[in-house]
2 protein chains.
Amino acid sequence: MQGTNHDDLRRHNLSIILRLVHRSGAASRAQLTRLTGLNRSTIGALVAELVERGLVEERTPDPTRLAGRPSPIVAASDRVVAIAVNPEIDAITVGVVALSGVVHRLIRYAMPSSPSITEAVTITTGIVTQLKRDLGEYSIIGIGVAVPGLVRATDGLVRHAPHLGWVDEPLCDLLAAATGLPVVAANDASLGVTAEHYFGAGQGLTDLVYLNGGSSGIGGGLVIGGVAASGRAGYAGEFGHTRVSAGTNTDSAGIAGTLEAEVTRHALLAALGLHAGATDADTLERALVASDSPVVRNLVNRQLDFLAIALAGAVNMLNPQLIVLGGFLAALHAVDSERLNVAVAALTLPAAFAEVSITPAVLGSNLLMIGAAELAFEALLLDPQQDQGNTAGLPRLSSRAAETAAPTF
Amino acid sequence: MQGTNHDDLRRHNLSIILRLVHRSGAASRAQLTRLTGLNRSTIGALVAELVERGLVEERTPDPTRLAGRPSPIVAASDRVVAIAVNPEIDAITVGVVALSGVVHRLIRYAMPSSPSITEAVTITTGIVTQLKRDLGEYSIIGIGVAVPGLVRATDGLVRHAPHLGWVDEPLCDLLAAATGLPVVAANDASLGVTAEHYFGAGQGLTDLVYLNGGSSGIGGGLVIGGVAASGRAGYAGEFGHTRVSAGTNTDSAGIAGTLEAEVTRHALLAALGLHAGATDADTLERALVASDSPVVRNLVNRQLDFLAIALAGAVNMLNPQLIVLGGFLAALHAVDSERLNVAVAALTLPAAFAEVSITPAVLGSNLLMIGAAELAFEALLLDPQQDQGNTAGLPRLSSRAAETAAPTF
DNA sequence: GTGATACGTTGCCCAAGCCTACAAACCCTC
DNA sequence: GAGGGTTTGTAGGCTTGGGCAACGTATCAC
């Protein structure tokens, strides 16, 4: 239990303002005054400091408004960026995401086979080195990595990433040593829920459950009481291994009768006669909705009922406001959301069910880039006074009007 | 997102110190300096304000120490009290709990039959009125009620308390109107986990799961990231309704195959040939451990295996540090904790299982009194500057040495 | 006693948010 | 387009609360 002194106070107030403009988009100084409850002059001083540090920009006021002196718009800088990395079986994706929310770059580096840790670090470092050159006048805060597996929160050690075949790999340390940038990592689904929480379906809500169905299994994440719940070591949200049947099918961890064992993308594709590699999320959803095959429909119903058991468990346990479904789970939801609702209702306490809705994810392919960048931004958002000088030549107090648009997600 | 001004700062620092001495017991000013990181002079000023407000007392220093000037001991007052109330089927229990942790009084008012809301309010008000007279020189902060049922967090409405037969009863409003004291209420198991978290098996931990087995079902509570997770409306922690089998037994909510349907105290008592009413928790535990009946042992094993499914779900979902079992679930654990561990291990991710241990609750019969009092204290702990003047004649700056012992729980 | 150590106390400093007065920039009306 | 009403930024002084350093005080060890 730490006490708070004057420095902490200032840091906290700077943090609050930077978070507001980062998460909720640009806001006028007058709006910031109302939102924070702080005095006009205080807001002025705080914004001035953030401008001085190059973290926000003040734009000319919006013309269309009511009476009174117009208030300058405060917007997060789009020259302060984080690098988001997502290693997968068939590719490594790297993105450059600005504090303003703009995704400046998106690079997909295809891999012939699942990358080893060394390959992943080498390839990422290569791309980052190139980016550093290209983004000379940008300030690169750090790197956030979305890993499809369990990541230890304390040090970013990848405990187990089954599809990549990684076990206890010190990804963060390796990447930090190779690039010279601070690196943080977390489970991909946990970052997904962060992204949906701040910028997607869960905006403004405090209790979210997120489940994502991917080609290799089901993962998830939690927001509880307004904060992302990582659990003791960072492994929270593994809904895929919830037991939902007495069946003998096993999941990637070898456990029988789990959600991940019973509800699979593979089975859906097989029933539809589609090829796994060539089918993206939208195609699968359209095919499922369009199909009139009773076999497909039976399978969908079966999977929905199993999904309902897992969701009901989460509802009874956590009393969430919203359940967000991503990946092929969103496709299942699209086919028959009513069946899912009814099945969940039958297995939950009425009072808890009354509080919850089930909805598909709204963020598309940029989801993990945004989530991973958010992870990298966290240190800066917590302490805007920290040194973020990775570029010596960042021109401060630039009067160049931002040519990029508002947050695009 | 609220900004912080100077008043908030002071309030927060007072809050931190009051929480420390309340939760972790008395501490010297020097210890407070180290724990909070604040300056000696600041601690002096803060403690002086808390003494002035009658919330803490300074005692003469501990004699046995090293060199140096002895530091006065700061202890939470035991004349600032909350009233804890727990209505049950067969009795209403009322306790007087001091900020220091001392339980001054414990009154059990036996009921011939389950109390209606009106009876509960009338009886409680009667006891409270008497207590107010008796505790003339004490400062009564408010009333905290532990309700065996779902309680809406926003206003303390009892949504559904099945054993008491209460539905949508405005308990808090009624009791506040009748007694003139502030009243807060919450689910009993949620308060149980609060108590275990601050004063019991979960001290100092951040991610706890608590399950309590009572005569009428299984409830629970969560601590996630160091704070009690109440969920959206306050209904979180209802582990009893987690589906653990494909069986047809139903629970109190009419859901089949749930933990509460399969794992019951009643079945254990029946197998042991014991009478429900006359058997307390310790007796049941002793009888279970002592029994060499294969029927009993089979039943225990069955129940342990079902319990393991529910616990495994929680472990995969929440990655907790500790699972605390109370009531007859602790008795099951006492019979064969190894079987439970093995069964949970088989259903969880190894990385998550490695972080968790399963332990019985350590707080006994005072559990709910302490939890309910904690709920009532929360407002004061959050803002020690608030007016708590329910007694005009509270003698401040009393030099009377406290005759009561250190926290007894 | 004397020194060492640890801690409370006191007076001063400073940072940061608030307040007040005033100026600036918009709207609307005539 | 001049003037009133409204909202907001700005400048300067005020207040508050925590930090700091010097000093006083209580203990232990010898």
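Structure: above.
Now for a description of the structure that goes with this document. The model shown is predicted, which means the values in this text are computed figures rather than measured ones. (Residues numbered from 1 in each chain as written. Chains lettered and ligands numbered in written order. Predicted model: local features only at pLDDT ≥ 70, side-chain atom pairs only at ≥ 80, totals over all residues. Heavy atoms only, no water.)

## Re the relation of the copies chain B and chain A
- Taken as rigid bodies, chain B and chain A are interconverted by a rotation of 180 degrees and an axial shift of 0.0 Å, the fit giving an RMSD of 0.0 Å. Each copy turns onto its partner about a two-fold axis.
- A shared interface surface links the copies, since 100% of the contact residues of chain B are contact residues in chain A too. (Least-squares fit on C-alpha atoms with pLDDT ≥ 70 in both. Contact = heavy atoms within 4.5 Å.)

## Some points on the protein's contact with DNA strand D
- Close to DNA strand D lie 26 residues, the nearest being Arg29 and Ser71 of chain A together with Arg10, Ser41 and Arg69 of chain B.
- At the protein interface, 62% of the atoms of DNA strand D within 4 Å belong to sugar or phosphate.
- One of the side-chain nitrogen or oxygen atoms of Arg29 of chain A is found 2.4 Å away from a phosphate oxygen of DNA strand D.
- Elements supplying a minimum of two residues to the surface near DNA strand D: helix H2 (29-36) of chain A together with helix H1 (6-23) and helix H3 (40-52) of chain B.
- Tallying contributions element by element places H1 of chain B first for the surface near DNA strand D, with 4 residues.
- Within the surface near DNA strand D, the residues separate by chemical class into 8 nonpolar, 11 polar and 7 charged. (Near = heavy atom within 4 Å. Polar contact = N/O pair within 3.5 Å; in protein donor to acceptor, adjacent residues only side chain to side chain. Helix = DSSP H or I, 4+ residues; strand = E, 2+ residues; numbered from the N terminus. Nonpolar A, V, L, I, M, F, W, Y, C, P; charged D, E, K, R; others polar.)

## Details of the pairing of strand E12 (residues 208-214) of chain A
Residues and elements named next belong to chain A.
- Within E12, 5 of the 7 residues are buried, which leaves the element mostly enclosed by the surrounding structure.
- Direction of pairing for E12 relative to strand E13 (residues 217-224): antiparallel, over a ladder of 7 bridges. Paired with Val209 across the strands is Leu222, a residue of E13.
- Hairpin connection, E12 to E13: the antiparallel pair is bridged by 2 residues.
- In this structure, E12 lies alongside strand E15 (residues 322-327), joined through 6 bridges in parallel fashion. Pairing of Tyr210 across the sheet is with Val324, part of E15. (Buried < 20%, exposed > 50% of the residue type's maximum accessible area, 1.4 Å probe, protein only. Pairing = 2+ DSSP bridges.)

## With respect to the interface of chain B and chain A
- On the chain A side, the residues contacting the 53 residues of chain B number 53 residues.
- Interface area for chain B against chain A, summed over the two sides, is near 4500 Å², with a carbon-plus-sulfur share of 66%.
- The largest per-residue losses of area from chain B upon contact with chain A belong to Met1, Arg232 and Met317 of chain B, which jointly make up 18% of the total buried on that side.
- The interface formed by chain B and chain A holds 0 salt bridges in total.
- Counting only elements with at least two residues in the side of chain B that touches chain A, the list comes to H1, helix H2 (29-36), strand E13 (217-224), helix H10 (294-318) and helix H13 (350-353) of chain B.
- In terms of residues, the side of chain B that touches chain A owes the most to one element, H1 of chain B, which gives 7 residues. (Buried area = accessible area lost by both parts, 1.4 Å probe. Salt bridge = Lys/Arg side-chain N within 4 Å of Asp/Glu carboxyl O.)

## Re the sheet that holds E12 of chain A
All names here are of chain A.
- The strand order across the open sheet formed by 5 strands is E14-E13-E12-E15-E16, and the pairing between neighbours is mixed. If you trace the sheet from one side to the other, it starts and ends with strand E14 (227-229) and strand E16 (357-360), each paired once. For this sheet, the mean angle separating the axes of adjacent strands, direction not counted, is 25 degrees.
- Sheet contacts for helix H6 (residues 188-199): E12, E13, E14 and E15; angle to E13, the most-contacted strand, approximately 50 degrees. (Axes fitted to C-alpha atoms, helices over the stretch in contact; angles between N-to-C directions.)

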